[in-house]
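Breakdown of the fold
Here are the chains, one letter per residue:
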Amino acid sequence: MDNAKPFCIAKRDVWDAYKRVKANHGAAGVDGQSIEQFEEDVENNLYRLWNRLCSGSYFPPPVRRVDISKDDGRTRPLGIPTVSDRIAQMVIQRYLEPLVEPRFHNDSYGYRPGRSAHQALSITRQRCWRYDWVLDLDLKSFLETINWELLLRVLRRHTDCTWVLLYVERWLRAPVCMPDGTLAERKQGTPQGAVISPLLANLFLHAAFDQWMAGQHPDIPFERYADDIICHCKSEEQARALKDALAQRFAQWHLELHPHKTTIVYCKDANRRGRYPEQRFDFLDYTFRPPVVEECDGKGIRQFRTGSERESG
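To start, this report covers the structure provided alongside it. It should be emphasised that the depicted structure is a prediction, and the values quoted were computed from it without experimental measurement. (Residues numbered from 1 in each chain as written. Predicted model: local features only at pLDDT ≥ 70, side-chain atom pairs only at ≥ 80, totals over all residues. Heavy atoms only, no water.)

A volume near 290 Å³ is recorded for the second largest pocket. Lining the second largest pocket are 16 residues, with Arg65, Glu144, Val176, Arg186 and Pro191 sitting closest to its centre. Put simply, the parts of the chain that give the lining of the second largest pocket at least two residues each are strand S2 (75-80) and helix H6 (142-145). The biggest single contributor to the lining of the second largest pocket is S2, with 3 residues. Split into classes, the residues belonging to the lining of the second largest pocket amount to 7 nonpolar, 5 polar and 4 charged. (1 Å grid on protein atoms, 1.4 Å probe; cavity = no way out; pocket = protein on both sides within 12 Å on 5 of 7 lines; lining within 4 Å. Points joined across faces, edges and corners; volume = space filled by probe spheres on them. Helix = DSSP H or I, 4+ residues; strand = E, 2+ residues; numbered from the N terminus. Nonpolar A, V, L, I, M, F, W, Y, C, P; charged D, E, K, R; others polar.)

Turning our eyes to something else, we now look at the pattern of salt bridges. Close approach of charged atoms allows side chains of opposite charge to pair. Enumeration over the complete set of coordinates arrives at 12 salt bridges. Of the charged contacts in the structure, one is a salt bridge between aspartate 107 and arginine 127, with a shortest N-O distance of 3.1 Å. Of this pair, aspartate 107 sits in the loop between helix H4 (83-100) and helix H5 (117-130) while arginine 127 sits in helix H5; the two residues are 20 residues apart in sequence, bridging distant segments of the chain. By the burial criterion, aspartate 107 is buried, and arginine 127 matches it. Between glutamate 169 and arginine 173 there is a salt bridge, with its nearest N and O atoms 3.3 Å apart. Taken as a pair, glutamate 169 and arginine 173 lie in helix H8 (residues 162-173) at a separation of 4 residues, close to a single helical turn. (Salt bridge = Lys/Arg side-chain N within 4 Å of Asp/Glu carboxyl O. Buried < 20%, exposed > 50% of the residue type's maximum accessible area, 1.4 Å probe, protein only.)

Turning our eyes to something else, we now look at the packing of helix H7 (residues 148-158) against H8. Put simply, H7 and H8 touch, their axes get as near as 11 Å, and they point 160 degrees apart. With respect to their mutual orientation, H7 and H8 come out roughly antiparallel. In the crossing of H7 with H8, the sense of the turn from one axis to the other is right-handed. Side by side, H7 and H8 meet where Trp148, Leu151, Leu152, Leu155 and Arg156 of the first sit next to Leu165, Val168, Glu169, Leu172 and Arg173 of the second. Residues belonging to the contact of H7 with H8 are distributed by class as follows: 7 nonpolar, no polar and 3 charged. (Axes fitted to C-alpha atoms, helices over the stretch in contact; angles between N-to-C directions. Parallel < 35°, antiparallel > 145°, perpendicular 65-115°, else oblique. Left-handed = near helix turned anticlockwise from the far one by under 90°. Contact = heavy atoms within 4.5 Å.)

Once that is clear, we can look at the state of the cysteines. Applying the stated criterion across every chain, the model contains 0 disulfides. Cysteine 54 provides the cysteine sulfur closest to cysteine 8, a residue in no disulfide bond, and the two sulfurs are 7.0 Å apart. (Disulfide = S-S within 2.5 Å.)

Below, the discussion takes up the packing of helix H1 (residues 11-24) against H4. The geometry of H1 relative to H4 is characterised by a closest axis approach of 8 Å and an angle of 115 degrees between their N-to-C directions. Relative to H4, H1 is oriented roughly perpendicular. The handedness of the crossing between H1 and H4 comes out as right-handed. Listed contacts from H4 to Asp13, Val14, Asp16, Ala17, Tyr18, Arg20, Val21 and Asn24 of H1 are Arg86, Ile87, Met90, Val91, Gln93 and Arg94. Classifying every residue of the contact of H1 with H4 gives 7 nonpolar, 2 polar and 5 charged.

Our focus in this paragraph is the sheet that holds S2. Read across the sheet, 4 strands follow the order S2-S1-S4-S5 without closing on themselves; strand pairing throughout is mixed. Each end of this open sheet is capped by a strand with a single partner; those strands are S2 and strand S5 (183-184). Pairing analysis gives 2 bridges linking strand S4 (residues 176-177) to S5, with the strands arranged antiparallel. Bridging from a neighbouring strand, cysteine 177 pairs with leucine 183 of S5. (Pairing = 2+ DSSP bridges.)

The structure is reproduced here in structure tokens:
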């Protein structure tokens, strides 16, 4: 028995986390160790990791940063933890997920078991037929600007498990190894690419946005996939008022609406007249737009539709 260890973490949990990480593949971290190399001495590697997690002596190594090119010519920073660190993070994720999943909002679709982008797109399409206006929200550098103090406060609402809180905070504070080899300290945010980041991001926005919308604006439905958010409004006035209210709400959580990418969109179709500057929006790589060809729903009504970027171009 290992009763002398301060934290009780089952060896089986570490093994199951390893199998999940192995199935997800992924590149090597700062130590250059691939999953295949980790497997060469897998039993000893997993035992050492389990022992350090249980003793409280586990400290995450720096996260290797790579810059991924975007379509607009800019780059997106991606953090790659080591294989061992991904396994450790998976242990935490598997512990937390059953605690937080039942509390998450029904219209939160990103990075959740049994939820998908397809479901989010389907309900978005249906609501565009019922609501004339959309508020398309874009949070500026969301993952990079998550406030640690607020995130840990939210996490404590869901668990008081000492080792979970300890290691999440250590992960947040782990430095980043830049492409030139230098180490950069971080004071906010959670790296995109870390195993635990999607769950932490969902926790943060569940408190900052989902719960607030349910309490303050229960008549305004929304779809959220991670930090991609669409709100459906009955009028332009309602959309503008919501935008202003959300700007204040997010400021309280140290977040900022992107001034150019956050837009109010008119869901124009054959029954909705008028000229408005924005009549299309992108959500999860699909473009929602007015009909460009005659489409009938059985009653001769052309409806606001969705298609891929290639189809809509």
